[in-house]
Structure formats: C-alpha cells, structure tokens
Amino acid sequence: MTLAAFLAVWAVHLAAAASPGPAVLMAARTGAVEGLRTGLFLSVGLGLGAVVWAAAALFGLSLLFAAAPALFGAFKLIGAGFLIWTAWKMWRHADDPLVMDALPPRGLLSALRLGITTQLANPKPAIFFGAVFVGLVPPHAPGPVIAALLLTVFVNEAGWNMLVARLFSLDRIRRGYIRLKSVLDRAFGGLFALLGVRIAL
C-alpha cells in the first residue's frame, strides 16, 4: 500500500469521524455536562468502538451482512432503539436543574463503556467501514499495514471527539449550556431521536 493511498484512507475516515452523528453529539454533551476528563475517557471509548467496526469490516463482517440482510436489519433496529432511548432520557430530564458542583462524577470506566456502547450501537460506522473503508484498503494488505490503519482509525475518532469534548468543556460554553439547558437538551435529544428513526427506516 503506497503512502498516498494510506493518506487517502486517513483523510476519508477523518472526514467521516468529524461528520455530525451520535458520537460527536455524545462527546459535545459529555464535555459540557461532565467536564473534560470524562469527555476524554468517553472519546477513548468512541475510538475503541470505531476500531472494533474497522477490524470487523476488514475481517469479513460486511460479507456476513450481505449474506444475511435480516441480521443487518435487526442490528439497525437495536442501534436505533439505543439512540431513541438516549433521546428520551435527555428529553425527560431537560427541565431538571443542572448544578455542576452537585453532579456525582461519572466513573471513568463508565465513561469509557458509554463511548464504546454509543459507537457499537451506531450503524453509521458499520456502513462506512463495510462499504467505504474496505474498498480503499487493498486486498491481502500485510499485517503491519492493517495495524497502522486500525491505529489511524483510533487516533482520528478519539482525537476528533476529544477536541469536541474540550471545546464544550470550556467555562464560557459550559455556562451557556447551563443557561440554555432545557433547550439544548431537547435539541440534543431531538437529534438523537431523528438519527434513530432515520437508521430504523
């Protein structure tokens, strides 16, 4: 695999990782509500989840979904259900007052699990890695190239979401979030719900 081809895969995946979706929304809200440290661990989980999808695609998951469309349909419904459930929780608690000092801190392992779960429940990376990513990787690529590609996926996904979490953890943005919490939580919840419905359909 040439350096130019490797950089092309990196650029295409970075664009996909940066596009709005459940991962970016979760990183933004976590950074605003729970702070940078929790947002960083969530982002690591998002990166690990992306690596799982990339590895699965490289080792034949897309072929399994093509051979068993009902399996992919069931997976999409499960992912959509997770997003809609997350949206319902955000909407339900939108009017709850938010006092940062009174928030029980989420455990870092809990943040890591939330990141992995959010990514694995999201069919967007499954479709991207199964349909686009695999097509950019030469067949029979050697092990070191595969390892470098998986590392690139992790760095892109985790790095971008860390940047989002950092931005939303800034004091000025956090204060704005507190001031507009009910509106923003309903907006985040609505976006999660729309993504879930779109995936289900």
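Thresholds applied
- Residues numbered from 1 in each chain as written.
- Predicted model: local features only at pLDDT ≥ 70, side-chain atom pairs only at ≥ 80, totals over all residues.
- Heavy atoms only, no water.
- Helix = DSSP H or I, 4+ residues; strand = E, 2+ residues; numbered from the N terminus.
- Buried < 20%, exposed > 50% of the residue type's maximum accessible area, 1.4 Å probe, protein only.
- Areas by Shrake-Rupley, 256 points an atom, 1.4 Å probe, with all protein chains shown as cover.
- Expected span 1.5 Å × (residues − 1).
- Arc of directions from axis to C-beta.
- Axes fitted to C-alpha atoms, helices over the stretch in contact; angles between N-to-C directions.
- Parallel < 35°, antiparallel > 145°, perpendicular 65-115°, else oblique.
- Left-handed = near helix turned anticlockwise from the far one by under 90°.
- Contact = heavy atoms within 4.5 Å.
- Core = buried A, V, L, I, M, F, W, Y, C linked by side-chain atoms within 4.5 Å.
- Patch = residues over 30% accessible without salt bridge, like charges linked within 9 Å, V, L, I, M, F, W, Y side chains within 5 Å.
- Salt bridge = Lys/Arg side-chain N within 4 Å of Asp/Glu carboxyl O.
- Nonpolar A, V, L, I, M, F, W, Y, C, P; charged D, E, K, R; others polar.
- Polar contact = N/O pair within 3.5 Å; in protein donor to acceptor, adjacent residues only side chain to side chain.

Draft legend 1. The overall build of the protein chain, seen in detail. Assigned secondary structure in the protein chain consists of 10 helices and zero strands. For the protein chain, the α and β elements follow one another from N to C terminus as α-α-α-α-α-α-α-α-α-α. Looking at the protein chain as a whole, 41% of its 201 residues are labelled buried. About 10,400 Å² of surface is accessible on the protein chain, with carbon and sulfur atoms providing 73% of the total.

Draft legend 2. Representation of helix H1 (residues 3-18) in the model. Spanning 16 residues, H1 covers 22 Å between terminal C-alpha atoms, matching the ideal 22 Å at 1.5 Å per step. Here H1 has its buried residues at Phe 6, Val 9, His 13, Ala 16 and Ala 17. Seen from one end, H1 has its buried residues packed into an arc of 100°, which puts them on one side. Projecting away from the buried face of H1 at angles above 90 degrees are the exposed residues Leu 3, Ala 4 and Ala 15.

Draft legend 3. Representation of the packing of H1 against helix H8 (residues 143-169) in the model. In contact at an axis separation of 9 Å, H1 and H8 are set at 30° when each is read in the N-to-C sense. Judged on the interaxial angle alone, H8 and H1 are roughly parallel. For H1 against H8, the interelement crossing comes out right-handed. Listed contacts from H8 to Phe 6, Val 9, Trp 10, His 13, Leu 14, Ala 17 and Ala 18 of H1 are Ala 148, Leu 149, Thr 152, Val 153, Asn 156, Glu 157 and Trp 160.

Draft legend 4. Geometry of the nonpolar core. Core analysis: the largest hydrophobic core is formed by 17 residues, its most contacted members being Ala 54, Phe 129, Val 137, Ala 141, Ile 146, Leu 149 and Val 153. By residue number, the principal contributor to this core is H8, which donates five residues. Among the nonpolar cores identified, the runner-up in size contains 15 residues, and Ala 23, Val 24, Leu 25 and Leu 42 belong to it.

Draft legend 5. Representation of a nonpolar patch on the surface within the structure. Residues Leu 3, Leu 7 and Trp 10 make up a contiguous nonpolar surface patch of roughly 320 Å² in combined accessible area. With respect to the helices and strands, the residue Leu 3 is situated in helix H1. Judged by its relative accessible area of 63%, Leu 3 is exposed.

Draft legend 6. The arrangement of the packing of helix H3 (residues 36-58) against helix H6 (residues 108-120) in detail. The interhelical angle for the contact between H3 and H6, taken along N-to-C directions, is 40°, at an axis separation of 7 Å. One finds that H3 runs oblique with respect to H6. Our pair here, H3 against H6, has a crossing hand that is right-handed. Contacts between H3 and H6 involve Arg 37, Thr 38, Phe 41, Leu 42, Val 44, Gly 45, Leu 46, Leu 48, Gly 49, Ala 50, Val 52 and Trp 53 from the former and Leu 108, Ala 111, Leu 112, Leu 114, Gly 115, Ile 116, Thr 118, Gln 119 and Leu 120 from the latter. Tallied by class, the residues present in the contact of H3 with H6 amount to 14 nonpolar, six polar and one charged.

Draft legend 7. Region of the structure containing the side chain of Thr 30. Along the chain, the position of Thr 30 falls in helix H2 (residues 22-34). Residue Thr 30 is classed as buried on the basis of its relative accessible area, which comes to 4%. If we skip the residues at most four places from it in the chain, Thr 30 touches Gly 35, Thr 38, Gly 39 and Leu 42.

Draft legend 8. Spotlight on the side chain of Glu 157. With respect to the helices and strands, Glu 157 occurs in helix H8. Glu 157 gets classed as buried once you look at its relative accessible area, which sits at 7%. Within the structure, Glu 157 has its side chain in polar contact with the side chain of His 13 (distance 3.2 Å). Setting aside residues up to four positions removed in sequence, Glu 157 forms contacts with His 13, Ala 17, Ala 23, Leu 46, Gly 47, Ala 50 and Gln 119.

Draft legend 9. Structural context of the environment of Trp 10. With respect to the helices and strands, Trp 10 occurs in helix H1. Remark: the alpha-carbon pair of Trp 10 and Val 153, spanning 143 residues in sequence, is separated by 7.6 Å. Beyond its immediate stretch of four places on either side in the chain, Trp 10 contacts Thr 152 and Asn 156.

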